[in-house]
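# Chain and residue survey
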Amino acid sequence: MSLTTTIATWIVLDGKAEASEYPSVGVDSSRPEFQEVYWRCIALFFLSARIHNPGNELQLYCNRRVAEAAPPRIGALLGDLGVTEVTLPLTHRLPPEAASRWGNVFYEIDILRHFAAQEGAPPLLLADSDCIWRRPFAPFEARLQAEQCLLYTLRPEDQKNYQGEVLINGMSRRRMAAMAEELFGRGPDGEMPFQGGEFSAFTVGWCRQALPMAEVLWDYACAEAEQPDAIRTEEHVWSIIAVALGVRPYNANDIVRRIWTNYDAANARPEDLDLTLWHLPSEKKFGFRRMWHALEGAQASPLALSPEALNSMSRRFMGVPQRGPRKAALDFAAKIRERLGLSAGLGRAA
Ligand SMILES: [Mn+2]
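Residues numbered from 1 in each chain as written. Predicted model: local features only at pLDDT ≥ 70, side-chain atom pairs only at ≥ 80, totals over all residues. Heavy atoms only, no water.

A few words on a nonpolar patch on the surface. Together, Tyr263, Phe332, Ile336 and Leu340 line one region of the surface with nonpolar side chains, adding up to about 420 Å² of accessible area. Along the chain, the position of Leu340 falls in helix 11 (residues 325-349). (Patch = residues over 30% accessible without salt bridge, like charges linked within 9 Å, V, L, I, M, F, W, Y side chains within 5 Å. Areas by Shrake-Rupley, 256 points an atom, 1.4 Å probe, with all protein chains shown as cover. Salt bridge = Lys/Arg side-chain N within 4 Å of Asp/Glu carboxyl O. Helix = DSSP H or I, 4+ residues; strand = E, 2+ residues; numbered from the N terminus.)

As structure tokens, this is what we get:
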């Protein structure tokens, strides 16, 4: 079996009862408009993954069948790209009162469990769907084999409120360090590194060590759901496990970066052009939407794009390292339309 890494992302399609809020997308994750935002990201994630990584297996984890859940053109594209579908129910969901935001991010534990059971599988690279591939992963295969797990560690300047006592999405780094030490006997050497949940790559062997730890942490997340300073997101789980298993901090930071391209917090920079993967949380409803529509409306098949042509599109549509005046105007107009749409909707309801 080939040892070439499988490139994967995931989507959980919430029903009405499980809906929760995702700050950069919207208030109700069960609505089709909300889910289409993610489907467009998935389309561009896999298109860019395929164009830059023609030999890698591509995998989509989803709690429903793609054929019945995806917009038809995106479902068809995934087929053309050779994306393998893994239908996997979400079994790790915090109770709604504990998770008004990001209610389904512990799906990654379901994915770990599924992957750990694969005999002799090649490594798995699991990324958020709001990521765009810019280069092949091949140069990092040897590092992944050597280190067994690669993670993206947020630098203090990339993360607001980085100090020990401050809660990062609901949990302090001090508490993460304490849990690693108390539960697994190994804390951080110095500062507690905070791992971004948007990127992880690991071997089956590493995953089999991590999975029972993730299950223990999941039990704590449930037991402490009503408590302040406790596990709330997959990032907390990744951060604790990484320390406990001695993953070298920052070992994927030359591969991927969380790039903010919106008005108040923009941090894109020229060096981002050297990265392999861009994580673009603020482009879900802007760059991803427009780039997908541009490709969908084009005569030629998007699969025929060269890596260079694709990169020049993603650079322009995502505004990295700089947002051009046309994108700035379109983003602004889209924001205004969204506000108007929202208030019109409220007006009808009232
Ligand atoms: Mn993301």
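We are not done yet, so read on.
Time to look at the sheet that holds strand 5 (residues 131-133). Strand order in this open sheet of three strands is 5-11-10, and the pairing throughout is mixed. The outermost strands of the open sheet, each flanked by one partner alone, are strand 5 and strand 10 (256-258). Each strand of the sheet is rotated relative to its neighbour by a mean of 15 degrees, with strand direction disregarded. Alignment of strand 10 against strand 11 (residues 277-279), held across three bridges, turns out to be parallel. Considered in strand 11, the bridge of Val256 is made with Leu277. (Pairing = 2+ DSSP bridges. Axes fitted to C-alpha atoms, helices over the stretch in contact; angles between N-to-C directions.)

Within the protein, the manganese ion binds to Asp128 (OD), Asp130 (OD), Asp130 (OD) and His279 (NE2); these donor distances fall in the range 2.2 to 2.5 Å. In primary sequence terms, the donor set of the manganese ion follows D-x1-D-x148-H. With a gap of 151 residues between them, Asp128 in the loop between strand 4 (124-127) and strand 5 and His279 in strand 11 connect regions that are remote in the sequence. For the pair shown, Asp128 and His279 are each scored as buried. (Donors = N, O, S within 2.8 Å, 3.2 Å for Na, K, Ca; no water. Buried < 20%, exposed > 50% of the residue type's maximum accessible area, 1.4 Å probe, protein only.)

So, about the packing of helix 1 (residues 32-52) against helix 3 (residues 72-80). Running from amino to carboxyl end, helix 1 crosses helix 3 at an angle of 20 degrees, the nearest separation of the two axes being 10 Å. When the interaxial angle is binned, helix 1 and helix 3 end up roughly parallel. Judged by the twist between their axes, the crossing of helix 1 over helix 3 is left-handed. Across from Trp39, Arg40, Ile42, Ala43 and Phe46 in helix 1, the residues of helix 3 making contact are Ile74, Leu77 and Leu78. Taken together, the residues that form the contact of helix 1 with helix 3 break down as seven nonpolar, no polar and one charged. (Parallel < 35°, antiparallel > 145°, perpendicular 65-115°, else oblique. Left-handed = near helix turned anticlockwise from the far one by under 90°. Contact = heavy atoms within 4.5 Å. Nonpolar A, V, L, I, M, F, W, Y, C, P; charged D, E, K, R; others polar.)

As a working rule, side chains carrying opposite charge can pair if their charged atoms are close by. Inspection of every chain in the model, using the stated rule, returns 21 salt bridges. Residues Lys284 and Asp130 are paired through a salt bridge, measuring 2.9 Å at the closest nitrogen-oxygen approach. Taken together, the positions of Lys284 in the loop between strand 11 and helix 9 (287-297) and Asp130 in the loop between strand 4 and strand 5 put the pair 154 residues apart, joining distant regions of the chain. As far as burial versus exposure is concerned, Lys284 and Asp130 are alike and both buried. For Arg173, the salt bridge goes to Glu191, with nearest N and O atoms at 3.6 Å. Within this pair, whereas Arg173 is found in helix 6 (residues 173-184), its partner Glu191 is found in the loop between helix 6 and strand 9 (195-202), the two being separated by 18 residues in sequence. Taking the relative accessible area as the measure of exposure, Glu191 reaches 57% and is therefore exposed. Through salt bridges that share partners, Glu283, Arg290, Arg323, Lys327 and Asp331 make up one connected network.

Time to look at the environment of Leu303. You can see Leu303 is positioned in the loop between helix 9 and helix 10 (307-318). For Leu303 and Asp80, which are 223 residues apart along the polypeptide, the C-alpha to C-alpha distance reads 8.4 Å. What Leu303 contacts, discounting residues up to four positions off in sequence, is Leu47, Leu77, Asp80 and Leu81.

With respect to the helices and strands, the residue Arg73 is situated in helix 3. You can call Arg73 exposed: its relative accessible area is 51%. The contact partners of Arg73, leaving out residues within four places of it in the chain, are Trp292 and Glu296. A distance of 3.2 Å separates the side chain of Arg73 from the backbone oxygen of Glu296, its partner in a polar contact. (Polar contact = N/O pair within 3.5 Å; in protein donor to acceptor, adjacent residues only side chain to side chain.)

Two elements in contact, helix 4 (residues 107-116) and helix 7 (residues 204-223), have axes whose closest approach is 9 Å; the angle formed by their N-to-C orientations is 140 degrees. As judged from the angle between their axes, helix 4 and helix 7 are oblique. Seen from above, helix 4 lies across helix 7 with left-handed handedness. On helix 7, the residues touching Ile109, Leu112, Arg113, Phe115 and Ala116 of helix 4 are Val204, Cys207, Arg208, Leu211, Ala214, Glu215 and Trp218. Its residues assigned to classes, the contact of helix 4 with helix 7 shows nine nonpolar, no polar and three charged.

Distances and angles like these do not, on their own, reveal function.
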